[in-house]
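Breakdown of the fold
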Amino acid sequence: MRLSADERREAVVRAAFAEFAGRGYHGTSTEAIAQRVGVSQPYLFRFFPTKHDLFEAATDRCFQRLAQALGEAPATLEGMSRAYAELRADRDVPLMLLQAAATAASPGQDAFAARVRRGWLDLWDLAGERTGAPPAELAALFARSLPPAAPPHPTPIAPPASTSTSLPIPAAGGQPR
């Protein structure tokens, strides 16, 4: 069965979401995304002129998934917290959020940073409108619900074997004092 252009575009966004979530913007190649979808790299660029355009589409998809989960959840803080927790069980969702935040914090990414802020503000507004909760309770919902970057390491990481526990503090000019 042949896919329509819209279905193929959707497949590209899904593949980009998974690739960018796992490898980040710089660690993901458009070739890997094209291979995951089963299209050529030039075909991929018919839908998204640049890699950054594709990253933006994947980020938008992440926020859309979150909005859908919050929109379908019971209109209580507890219901939204459960929906958020269920959605983040898909490891790609929290990873994509982290990748988007990291990219937004990069130099020269002011427009993308504004896009990410808008995504969070839209989620905030959605949760506030649906629950009627005051800002402090909404802040607690989002703070409580943010997923960890990765599960805890099974073995705690030992501190360095150095005898000194202090690090040199740079003085003016960047030289340790």
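For clarity, every value in this text was computed on a predicted model and none was experimentally measured.

The next subject is the packing of helix H1 (residues 5-27) against helix H6 (residues 92-104). Two numbers describe how H1 lies on H6: the axes approach to 8 Å, and their chain directions differ by 55°. Considering the angle they form, H1 stands oblique to H6. You can see that H1 and H6 cross each other, and the crossing is left-handed. Listed contacts from H6 to Phe17, Ala18, Phe20, Ala21, Arg23, Gly24 and Tyr25 of H1 are Asp92, Val93, Leu95, Met96, Gln99 and Thr103.

Now for the pattern of salt bridges. If you walk through the whole model with that rule in mind, you get ten salt bridges. Of the charged contacts, one joins Glu19 and Arg23 as a salt bridge, the two residues approaching to 2.7 Å between their closest N and O atoms. Note that Glu19 and Arg23 are positioned in helix H1 at a spacing of four residues, about one turn of the helix. Assessed through its relative accessible area of 6%, Glu19 is described here as buried. Taking the shortest distance from any N to any O, the salt bridge between Asp122 and Arg118 comes out at 2.9 Å. Residue Asp122 and its partner Arg118 are both found in helix H7 (residues 110-131); the two are separated by four residues, about one turn of the helix. Several salt bridges converge on common partners, so that one network encompasses Glu10, Arg14 and Arg61.

Rules and cut-offs
- Residues numbered from 1 in each chain as written.
- Predicted model: local features only at pLDDT ≥ 70, side-chain atom pairs only at ≥ 80, totals over all residues.
- Heavy atoms only, no water.
- Axes fitted to C-alpha atoms, helices over the stretch in contact; angles between N-to-C directions.
- Helix = DSSP H or I, 4+ residues; strand = E, 2+ residues; numbered from the N terminus.
- Parallel < 35°, antiparallel > 145°, perpendicular 65-115°, else oblique.
- Left-handed = near helix turned anticlockwise from the far one by under 90°.
- Contact = heavy atoms within 4.5 Å.
- Salt bridge = Lys/Arg side-chain N within 4 Å of Asp/Glu carboxyl O.
- Buried < 20%, exposed > 50% of the residue type's maximum accessible area, 1.4 Å probe, protein only.

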